[in-house]
Amino acid sequence: MSDARGLASWLTTTDHKRIGLLYFWTALAFFLIGGIEALFIRAQLAQPNGRLVSAETYNQLFTMHGTTMIFLALMPLGASFFNYMVPLQIGARDVAFPRLNAFSYWVFLFGGLFLNASWFVGPLFHAGILNVAPNGGWFGYANLTERQYSPGPNIDFWVLGLQILGISSLAAGFNFIVTILNMRAPGMKMMRLPVFTWMTLVTQFLIITAFPVITVGLAFLIFDRFFGTHFYVREAGATPILWQHLFWLFGHPEVYILILPAMGVVSDVLPTFSRKPLFGYPVVVYSGVLIGLMSWGVWSHHMFAVGLGPIADSVFAATTMLIAVPTGVKIFNWIATLWGGDIRGTTALHFAVGFIAMFIIGGLSGVTHASPPTDLQQTDSYYVVAHIHYVFFGGTIFGLFAGIYYWWPKMTGRLLDETLGKTHFWLQFIGMNLAFFPMHLIGLLGMPRRVYTYAPELGVGSLNLVSTLGAFLIALSILIFLVNLWRTRTRGRPAPNDPWGGATLEWSIPSPPPVYNFSVIPTITSRLPRWTTERHGPMRDPPATPPEPIHVPGGSWWPLIAAFGLPVLALAPLTHTLWVAFAGAALLLLGVYRWAFEPFEV
Amino acid sequence: MRIFVAVGRLRLWLPTAALVMSGCGGPFPQSTLLPRSDFARATDVLFTDIFWWAAGVFLVVETLLVVTLIRFRHREGRAAPKPTHGHTLLEIAWTLAPAAILVFVAVPTVRTIFATSGEAPADALKVDVIGHQWWWELRYPDLALVTANELHVPLGRAVQLSITSADVIHAFWAPPLGGKRDAIPGHVNQIAFRADRVGDYGGQCAEFCGASHANMRLRVVVDSDSGFGRWATEQLEGPAAPAPGTIAERGKAVYARSACIGCHTIQGVSPGVIGPNLTHVGSRTTIASGLFPNDSAHLASWIADAPALKPGALMMRMKPPLSDADIAAIVAYLESLK
């Protein structure tokens, strides 16, 4: 990593490793904010007729919890690894477009700050603090989100914030596709790519195809709210169901955008710690690609209660059930990877196995609502809340933690403490099952989701209390993780190049890697270059010092300035001030113009 | 001062709990696991079926995972593992196995989709269900009967619900009688069922619909055939006329000159259509869409300041406020409307 110090060196950095770390710390901060929102939600629901927060505040809390976790925590935590690890895994010195990469990060940061500013800026809109945060759910269903039913600035923050974040994801998506396709080291054929890089590639294709759909959906809603168009207005002959189709056409690929990177992490972690190659590498890769393709044909399973008719319901039930097949294949291949191995129970392996164990539950409950008749009793109830948390928490978050414990030494040069790590794992594992398993039953007993209160006679009070206790146990486990991060800064064991005996390229260079990553770009002759296989011995790691000087591009202010134009632009409709729009556009254009003509030298 | 308000609130809540506990049928009035109609039973059978397949798969795969972890855990001196890269036959097998199980799930699924698609026989009792922020309008077109928040249906007779919305998207869900359907403005969704046990069940809006989504509840009463007939006859009668000189009569006068008439219908008294029809409000057991018991105390606080009891409620605080005596008179009048 670059040795330059000082704030300016971080603000102008185009080093993928620094940007990866920026993504990590920012996403972690948002993860904590989303977690605190979850704790308020659970405290409110700990007993019937909860009185901790008002209905309005609760609606803002669950909207921001979902929006924050999906767009500001899980996606960017994944992005942190794309940034840091993909160039290292393919033997590249940086991503294809380093300044675009910086731009993606700054847009993400500003979008996240813009959304969260809504908690505090109520007084600017003649409302109290905690009054104007988005309150229409992370799914923002029209026509509730139309101006007529949501007159305040709450939904404005949401639509504008998501539009900003979409730009970040799209820019990063194109960047990583080009990087993975074009920047591979000699000999790094597609079928030699580490599975994490493969799943990153699939994820980026989903991002660049899914985000335009929500961009259009949001643009319609923005036009409806600000310019009086009628894209979702029933009285004008339109239908609010259009929003649902657009949203879920994005929303279901989004689910796989969140889970595929975690599957990639697990596919890299398991072989390392069982000392065996991934079982059925081509099948694992193809099933990942297949899951990505199939994710486009299942969106209406979010809409079985809409009444699309028995034919449509049957078709979408079938496509949804089919997606269980490649998913099941992956799980069997992971178990077969462990089978016959020499399994070392590191914290990273704990989390990877936790991913498999919990994701199975989320997958199976998914099959129960792939069937439309049973879904009619489950959709919009707590049963579905249980399902998505087994997928996103049990799946994505466990997978990402496996990645954190696995790659932290590479990213910082220090090993995380294993005892604290395993304590973290077990508390989180028990906590999540206490928090989310009872929700299956809570939903089946008739409690809808997104309710700030429930009647005592539903008979779900004690189950909810258990769930709340579980949520606080998760909070405790995250606290231990933070302690681990903090202690590691100064007291962590220094990491050698390869603390785990990994097979992939990132372990062939120092921890953390030098700014140029590889002193000599390696030539790849096998899928597991650092291991002995039938045909090859292990590769020779690049020398510690580069044999000849390496040109590394310098930093740039312009991505930051261009990115800053976007929240300023968004401020214009929010405050109904024209000159702000010109200011935002000017910043954006200035940034892009100077960036385009900047000599990109050391 | 604050503490008195709080205690007052608490006193309002306690009888609510007591009433609802005793009033509703059984301990889990809103459970999907206690089906009480053919529709609910069909989905329950299907769910049970899928559940056992899922439980079987869960057991097999998780056991396999745990056994693998224990059997192949690291031990000193273990020989380096054999680098197996795959096994084509095995991989084909575990692709086909889940696919085969899914066939066993998909076939009954499609059969149930068509069996529960919402079409009822021609002689079914028709009910139009219209979602409003945040209450349910219920119209029986064949009986020319309009009520709110308490759905009465006869035992054993086919019922056809036609569900739509007057404002945003809601979802009608009465779990013991079957699955939910969205109430969408401009669309009509149908549910058909035949209730098979007399009882008093719970239901609730299931699609997030704004501030008081959590407070958009309803009661579903399955009556015996004669009981339903009696209820319908009573509902079809004109509103009770309060006896001269009673406080209820004064209440009628206050009602007739207050803002109430802008939104509520009482047959022959006021024609408003924005809020629930009150012609027989005294016969209902709850107010505010299943939130509170229909008693004098709750009615009085509701009339005085509805949004304080139900966040966002569109029934605004009376301005200028009604006097306590006027409120008491209206309460007496509404309670007389059996």
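Residues numbered from 1 in each chain as written. Chains lettered and ligands numbered in written order. Predicted model: local features only at pLDDT ≥ 70, side-chain atom pairs only at ≥ 80, totals over all residues. Heavy atoms only, no water.

Novice: What is the right way to look at the packing of helix α11 (residues 347-368) of chain A against helix α13 (residues 382-412) of chain A in this model?
Specialist: The relative placement of two packed helices is expressed as an angle between their axes plus a distance between the axes. Residue and element names in this part refer to chain A. The contact between α11 and α13 brings their axes to 8 Å, and the two run at 160°. Classified by the angle between their axes, α11 and α13 sit roughly antiparallel to one another. In the packing of α11 onto α13, the handedness of the crossing is left-handed. Class assignment for the residues of the contact of α11 with α13 results in 15 nonpolar, eleven polar and no charged. (Axes fitted to C-alpha atoms, helices over the stretch in contact; angles between N-to-C directions. Helix = DSSP H or I, 4+ residues; strand = E, 2+ residues; numbered from the N terminus. Parallel < 35°, antiparallel > 145°, perpendicular 65-115°, else oblique. Left-handed = near helix turned anticlockwise from the far one by under 90°. Nonpolar A, V, L, I, M, F, W, Y, C, P; charged D, E, K, R; others polar.)

Novice: Sorry, what's going on with helix α10 (residues 324-338) of chain A here?
Specialist: Because an α-helix packs 3.6 residues into every turn, residues spaced three or four apart end up facing the same way. With 15 residues, α10 of chain A should reach 21 Å at 1.5 Å per residue; the first-to-last C-alpha distance of 21 Å fits that figure. Burial analysis of α10 of chain A places 14 of its 15 residues in the buried class, the great majority of the element. (Expected span 1.5 Å × (residues − 1). Buried < 20%, exposed > 50% of the residue type's maximum accessible area, 1.4 Å probe, protein only.)

Novice: Looking at this model, I keep getting lost on the interface of chain B and chain A. Mind explaining?
Specialist: Quoted interface sizes are often the accessible area lost when the parts come together. Listed per partner, the contact involves 85 residues of chain B and 94 residues of chain A. Taking both partners together, chain B and chain A bury about 7,400 Å²; carbon and sulfur atoms supply 68% of that area. Three residues, His-85, Trp-94 and Phe-208 of chain B, lead the burial of chain B against chain A; their summed loss comes to 10% of the area buried on that side. Counting every contact that joins chain B to chain A gives two salt bridges. A salt bridge links Arg-450 of chain A to Glu-207 of chain B, with the nearest nitrogen and oxygen atoms 4.0 Å apart. For the side of chain B that touches chain A, the elements supplying multiple residues, two or more each, are α1 (2-23), α2 (38-71), α3 (88-115) and β7 (181-183) of chain B. (Contact = heavy atoms within 4.5 Å. Buried area = accessible area lost by both parts, 1.4 Å probe. Salt bridge = Lys/Arg side-chain N within 4 Å of Asp/Glu carboxyl O.)

Novice: I would appreciate a short explanation of the sheet that holds strand β4 (residues 150-154) of chain B in the present structure.
Specialist: Pairing between the strands of a sheet is mediated by backbone hydrogen bonds and can be parallel or antiparallel. Residue and element names in this part refer to chain B. Taken in spatial order, the three strands of this open sheet run β4-β10-β9, and their pairing is mixed. Only two strands of the sheet have a single neighbouring strand rather than two, namely β4 and β9 (199-204). Each strand axis lies, on average, 25° off the axis of its neighbour in the sheet, ignoring direction. The pairing of β4 with strand β10 (residues 217-223) spans five bridges and is classified as parallel. Across the sheet, the residue bridging to Leu-151 is Val-220, located in β10. Its contacts with the sheet place helix α4 (residues 225-236) against β4 and β10, and it is angled at close to 135° to β4. (Pairing = 2+ DSSP bridges.)

Novice: What should I look at first to understand the sheet that holds strand β8 (residues 189-194) of chain B in this one?
Specialist: Residue and element names in this part refer to chain B. Strands sit in the order β3-β2-β1-β5-β8 across an open sheet of five strands; the sheet is mixed. The sheet terminates laterally at β3 (145-148) and β8, the two strands that pair on one side only. Across the sheet, the mean angle from the axis of one strand to that of its neighbour is 25°, orientation sign disregarded. Direction of pairing for strand β1 (residues 125-132) relative to strand β2 (residues 135-140): antiparallel, over a ladder of five bridges. Among the inter-strand pairings, Val-129 is bridged to a residue of β2, identified as Leu-138. On the sheet, α4 packs against β1, β2 and β3 and is oriented at approximately 100° with respect to β3.

Novice: What should I look at first to understand the environment of Gly-91 of chain A in this one?
Specialist: Residues and elements named next belong to chain A. Mapped onto the elements of the fold, Gly-91 is located in the loop between α3 (55-90) and α4 (98-117). Separated by 253 residues in sequence, Gly-91 and Arg-344 place their C-alpha atoms 27 Å apart. The contact partners of Gly-91, leaving out residues within four places of it in the chain, are Met-183, Ala-185, Leu-505, Phe-518 and Ile-521.

Novice: Is there a simple way to think about the nonpolar core in this case?
Specialist: Side chains that are nonpolar tend, in soluble globular proteins, to be buried together. Of all hydrophobic cores here, the largest spans 240 residues; its most connected members are Phe-355 of chain A together with Leu-151, Leu-161 and Phe-172 of chain B. At 21 residues, the largest contribution of residues to this core is made by α3 of chain A. Counting residues in hydrophobic clusters, the runner-up holds 24 residues, among them Tyr-255, Cys-260, Trp-302 and Ile-330 of chain B. (Core = buried A, V, L, I, M, F, W, Y, C linked by side-chain atoms within 4.5 Å.)

Novice: Even after reading the chapter, I still don't get the confidence of the model for chain B, so can you show me in this structure?
Specialist: Detailed reading of predicted coordinates is not advised where the pLDDT is low. Averaged over all residues, the pLDDT of chain B equals 90, while 92% of them reach at least 70. Per-residue pLDDT stays below 50 along residues 1-25 of chain B; that stretch engages in 20 contacts with residues further than four places along the chain or on separate chains. (pLDDT = per-residue confidence, 0-100.)

Novice: For this particular structure, what's the right way to read the environment of Gly-122 of chain A?
Specialist: Residue and element names in this part refer to chain A. In this structure, Gly-122 sits in the loop between α4 and α5 (154-182). C-alpha of Gly-122 to C-alpha of Thr-347: the two residues are 225 residues apart in sequence and 43 Å apart in space. Gly-122 has contacts with Ala-127, Gly-128 and Val-132, leaving out every residue within four places of it along the chain.

Novice: Is there a simple way to explain the domain arrangement of chain A in this structure?
Specialist: Residues and elements named next belong to chain A. What the domain assignment reports for chain A is domain 1 (10-543 + 550-555) and domain 2 (563-602). Between domain 1 and domain 2, the contact holds 22 residues from the first and 14 residues from the second. Taking both sides of the interface into account, the surface hidden between domain 1 and domain 2 amounts to around 1,700 Å²; carbon and sulfur atoms contribute 80%. Area buried by domain 1 at its contact with domain 2 is led by Arg-99, Phe-103 and Phe-110, which between them contribute 35% of it. Our count for the contact surface shared by domain 1 and domain 2 stands at one salt bridge. One salt bridge in this structure joins Glu-598 and Arg-99, with 2.9 Å as the shortest N-O distance. Elements that contribute at least two residues to the side of domain 1 that touches domain 2 include exactly α4 and α5. Looking at the side of domain 1 that touches domain 2 element by element, the count peaks at eight residues for α4. By residue class, the composition of the side of domain 1 that touches domain 2 is 16 nonpolar, four polar and two charged. (Domains from an automatic or database assignment.)

Novice: How do you make sense of the domain arrangement of chain B when you look at a structure like this?
Specialist: All names here are of chain B. Partitioning chain B into structural domains gives domain 1 (31-70 + 86-230) and domain 2 (247-336). Spacing between the C-alpha centres of domain 1 and domain 2 amounts to 33 Å. Listed by partner, the interface residues are 17 residues for domain 1 and 16 residues for domain 2. Here domain 1 meets domain 2 over a buried area of about 1,300 Å², counting both sides, of which 51% is carbon and sulfur. Between domain 1 and domain 2 we count zero salt bridges in total.

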